[in-house]
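Working through the structure, step by step
Next come the chains, spelled out residue by residue.
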Amino acid sequence: MVITVTRIQDARPVDVELIGDSTDAALLMELGTTTRNQINVKTPILTGHLQLLLSEDLGADEDEAVRELFRQAYALLDLSRRPSQDAPTFVAYFYMREVATLTRRFLWVYSQRNRLSAP
């Protein structure tokens, strides 16, 4: 069975500034001063941004680099690969950073395809 993700245009518009600010904030967090609770709050927000960007037409059909980003995102979002509540804080921290970094890359592609200023 194949499940596709579609988004009704303008139902949930991509807020480039919000996603940019959110990824910036996550990437500025430092391991030594960040609590597990802060990571647990930030990570679902970032995965939501990434999932939203995955629903956009970013030219994966004609661009191998974008297709590779999609492969990385689907692997990263795989529930079996996400850190559990029992995982050490540093594992959750680096997962959060990886999601933020990949989301940032998708945001750049989105901005380029839609002729917006890059974050």
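Above this text sits the structure in question.
Residues numbered from 1 in each chain as written. Predicted model: local features only at pLDDT ≥ 70, side-chain atom pairs only at ≥ 80, totals over all residues. Heavy atoms only, no water.

Brief notes about the overall build of the protein
- Along the backbone of the protein there are 4 helices and 0 strands.
- Written out in order from the N terminus, the α and β elements of the protein read α-α-α-α.
- Classification of the 119 residues of the protein by burial places 39% in the buried group.
- Here the contacts in the protein between residues at least 6 apart in sequence split such that 69% fall between residues at least 24 apart.
- When the accessible surface of the protein is split by element, carbon and sulfur atoms take 54% of a total near 7,600 Å². (Helix = DSSP H or I, 4+ residues; strand = E, 2+ residues; numbered from the N terminus. Buried < 20%, exposed > 50% of the residue type's maximum accessible area, 1.4 Å probe, protein only. Contact = heavy atoms within 4.5 Å. Areas by Shrake-Rupley, 256 points an atom, 1.4 Å probe, with all protein chains shown as cover.)

Considering the packing of helix 3 (residues 64–77) against helix 4 (residues 89–113)
- It is at 11 Å that the axes of helix 3 and helix 4 come closest, and there the two elements cross at 150°. Viewed along their axes, helix 3 and helix 4 adopt a mutual orientation that is roughly antiparallel. Considering how the two elements wind past one another, helix 3 and helix 4 form a crossing that is left-handed. Residues Val66, Leu69, Phe70, Gln72, Ala73, Leu76 and Leu77 of helix 3 pack against Tyr95, Glu98, Val99, Leu102, Arg105, Phe106 and Val109 of helix 4. (Axes fitted to C-alpha atoms, helices over the stretch in contact; angles between N-to-C directions. Parallel < 35°, antiparallel > 145°, perpendicular 65-115°, else oblique. Left-handed = near helix turned anticlockwise from the far one by under 90°.)

Describing the packing of aromatic side chains
- One pass over the full model with this rule turns up 3 aromatic pairs.
- Judged by centre distance (6.2 Å) and plane angle (45°), the ring pair of Phe70 and Tyr74 falls under tilted. Placement of both Phe70 and Tyr74 in helix 3 is noted, with a separation of 4 residues, approximately one turn of the helix.
- For the pair Tyr93 and Phe94, a centre-to-centre distance of 5.1 Å together with 80° between the ring planes defines the contact as edge-to-face. (Phe/Tyr/Trp six-rings, centres within 6.5 Å; stacked < 30°, edge-to-face > 60°.)

A closer look at the nonpolar core
- Of all hydrophobic cores here, the largest spans 30 residues; its most connected members are Leu50 and Phe106.
- For this core, the secondary-structure elements that each account for two or more residues are helix 1 (16–28), helix 2 (36–54), helix 3 and helix 4.
- If one sorts the elements of this core by residue count, helix 4 sits on top with 11 residues.
- Apart from residues lying up to four places away in sequence, Phe106 is in contact with Leu50, Leu53, Leu54, Leu58, Leu69, Phe70 and Ala73. (Core = buried A, V, L, I, M, F, W, Y, C linked by side-chain atoms within 4.5 Å.)

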